[in-house]
Amino acid sequence: MAEQILVIEDEANIAQFLERGLIYEGYRVDVAYDGQSGLSMARDNPPDLVILDWMLPGIDGIEVCRRLRAASEVPVLMLTAKDAVTDRVKGLDAGADDYLVKPFSFEELLARVRALLRRSNTTSRPEILRFADLSLDTGTHRAIRGERAIDLTAKEYELLELFMRNPRQVLTRDIIFDRVWGYDFGGESNIIEVYVRYLRQKTEAENEPRLIHTVRGVGYVLRED
Ligand code: CA
């Protein structure tokens, strides 16, 4: 699944420049224009990385960073127009993992983003996602239904992980395309149906009750009958 980046930046032109560039690079991007909405977006849709401007209206970047840190280990890249040593120390003290002084080149930003994501990917702990009698190990990418172990291909895993992380929520075809196949997917429209069928064949191999339900004309939902 493409990594999710939250950009918290009040300057619309910079925010849009970052959003466009990062989407082009294959990331999923949310943008918040102030600290308060940034914090609620981070809570509602936990990102893999936050790009955070220091100077924000309302709650400033330092305080946003502290609050993000209190709630999660998400890597934070701070953007700042300040370059004084004490300011850098302040940012790092608040829990920022790295910072970039404006103006910066997009290439430089990308390099930092990649480095931070790489670092956090190697340290993030695998977890077991559970729904009904189905569980999914995000470390081994294996599923278990009841007592039965299920091997998944890479795409089957990504699709099932998306369902398991969003139980009982209807996922539209657009969301599934975006999250599992990425923004640049341009292929056949029945690919989701095909993969849902694969997942059903595997998760219902012993006639267990259906978990992945079709919502006609909309998408799919993971729920119990
Ligand atoms: Ca600003």
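Residues numbered from 1 in each chain as written. Predicted model: local features only at pLDDT ≥ 70, side-chain atom pairs only at ≥ 80, totals over all residues. Heavy atoms only, no water.

This brings us to the pattern of salt bridges. Under the counting rule described, the total for this entry stands at 20 salt bridges. A salt bridge links Arg165 to Glu127, with the shortest nitrogen-to-oxygen separation between them at 3.2 Å. Of this pair, Arg165 sits in helix 6 (residues 154–165) while Glu127 sits in the loop between helix 5 (106–123) and strand 6 (128–131), and the two are 38 residues apart along the sequence. The partner of Glu193 in a salt bridge is Arg173, and the shortest N-O contact between them spans 2.4 Å. (Salt bridge = Lys/Arg side-chain N within 4 Å of Asp/Glu carboxyl O. Helix = DSSP H or I, 4+ residues; strand = E, 2+ residues; numbered from the N terminus.)

Another aspect to go through is the confidence of the model for the protein chain. For the protein chain, mean pLDDT is 88; residues scoring 70 or higher make up 91% of the total. Of all helices and strands in the protein chain, the one with the weakest mean pLDDT is helix 4 (residues 85–93) (69), whereas strand 1 (residues 4–8) scores best (97). (pLDDT = per-residue confidence, 0-100.)

Our next topic: the pairing of strand 12 (residues 219–222). Pairing of strand 10 (residues 171–172) with strand 12, which is carried by two bridges, proceeds in the antiparallel orientation. Paired with Thr172 across the bridge in strand 12 is Gly219. Alignment of strand 11 (residues 212–215) against strand 12, held across four bridges, turns out to be antiparallel. When the sheet's bridge partners are listed, Thr214 is paired in strand 12 with Tyr220. As consecutive antiparallel partners, strand 11 and strand 12 are separated by three residues, and within that stretch Gly217 has a phi angle of approximately 75 degrees, a positive value. (Pairing = 2+ DSSP bridges.)

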